[in-house]
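# A look at the structure
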Amino acid sequence: MFCEKGLELIKELQRTKDTTLPHYNEDGVRQVLEEVRALNEKNQEEVVAVAGGEEALVYGVALRHGVIQRNKRCLLAYVHNRVKQIQKMRWEFGSVLPAEIKNNLCEDEVNWFNSYNKSLANYMRSIGGEGGLDLTQDMKPPKSLYIEVRCLVDHGEFETQDGNVILLKKNSQHFLLRSECENLIRQGILEHIMH
């Protein structure tokens, strides 16, 4: 049946939409492209025959053309949704993706991520004054400027915005500006202690 592989790609993304990005299905994409190529070749043969007077072949050409268009839409939806998920992960994880996610990306997706990362960094440096403005900080409005955090690993020295140096040792607790420690929380170095 036509378009099965294209629909399978879309369903694969839907199943993992809220969990993680699945491995890039290079085999599925290749199969869809092969189907498109085969249908296109058959259409070209029959268009030549129609020009020779066999008008009954027009319906087959029209059907295959519709299937080709549907396969193209499936591939575009597959690629578009993966790119949107990768873009979302840049905001969640920062400029470095975890290895388990990066291993699921194809080379073109890694290149797109790196390009998006550079564009976002350039934009953030260009706004907000002298040092720029990190838009990835404070993804949710803070309830207070300072939060209490616990260090989960031995991280070493950490310099705060006011120039103080603190030692982040495992199980040590600190009262820090939220903006200074939000990236460390996302990286798993610190955890926010809720009271």
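Provided above is the structure to which this section pertains.
Reading the values: the criteria
Residues numbered from 1 in each chain as written. Predicted model: local features only at pLDDT ≥ 70, side-chain atom pairs only at ≥ 80, totals over all residues. Heavy atoms only, no water. 1 Å grid on protein atoms, 1.4 Å probe; cavity = no way out; pocket = protein on both sides within 12 Å on 5 of 7 lines; lining within 4 Å. Points joined across faces, edges and corners; volume = space filled by probe spheres on them. Helix = DSSP H or I, 4+ residues; strand = E, 2+ residues; numbered from the N terminus. Core = buried A, V, L, I, M, F, W, Y, C linked by side-chain atoms within 4.5 Å. Buried < 20%, exposed > 50% of the residue type's maximum accessible area, 1.4 Å probe, protein only. Contact = heavy atoms within 4.5 Å. Axes fitted to C-alpha atoms, helices over the stretch in contact; angles between N-to-C directions. Parallel < 35°, antiparallel > 145°, perpendicular 65-115°, else oblique. Left-handed = near helix turned anticlockwise from the far one by under 90°. Nonpolar A, V, L, I, M, F, W, Y, C, P; charged D, E, K, R; others polar.

What follows is about the layout of surface pockets. One simple way to see leftover space: roll a probe sized like a water molecule over the atoms. Considered as a void within the structure, the largest pocket measures approximately 540 Å³ in volume. Forming the walls of the largest pocket are 20 residues, and the residues nearest its centre are Lys140, Arg178, Glu182, His192 and Met194. Counting residues per element, the ones that place at least two in the lining of the largest pocket are helix H3 (58–93), strand S1 (146–151) and helix H6 (178–186). A per-element tally of the lining of the largest pocket places H6 first, with four residues. In this structure, the second largest pocket encloses a volume near 190 Å³. For the second largest pocket, the full set of lining residues is Arg90, Phe93, Gly94, Ser95, Val96, Met124, Asp134, Thr136, Asn183, Arg186 and Gln187.

All right, on to the nonpolar core then. With 11 residues, the main nonpolar core is built from Ile147, Val149, Cys151, Phe158, Ile166, Leu168, Leu176, Cys181, Leu184, Ile189 and Leu190. When contributions to this core are tallied by element, the ones reaching two or more residues are S1, strand S3 (165–168) and H6. Broken down by element, this core gets its largest block of residues, three residues, from S1. What Cys151 contacts, discounting residues up to four positions off in sequence, is Leu168, Lys169, Lys170, Asn171, Ser172, Ile189 and Leu190.

Turning to H6, its buried residues number three or more, namely Arg178, Glu180, Cys181, Glu182 and Leu184. Next to the buried residues of H6 lie S1, strand S2 (156–159), S3, strand S4 (173–177) and strand S5 (190–192). Backbone geometry just downstream of H6 places Gly188 in the positive-phi region, at approximately 85°.

Let us look at the packing of H3 against helix H5 (residues 107–126). If you want to describe how two helices pack, look at the angle between their axes and the distance between the axes. At a closest axis distance of 10 Å, the pairing of H3 and H5 adopts a crossing angle of 45°. The angle between the axes of H3 and H5 places the two elements in the oblique class. Crossing of H3 over H5 shows right-handed handedness. Contacts between H3 and H5 pair Arg82, Val83, Ile86, Gln87, Arg90 and Trp91 from the former with Glu109, Trp112, Phe113, Tyr116, Asn117, Leu120 and Met124 from the latter. Split by residue class, the contact of H3 with H5 holds eight nonpolar, two polar and three charged.

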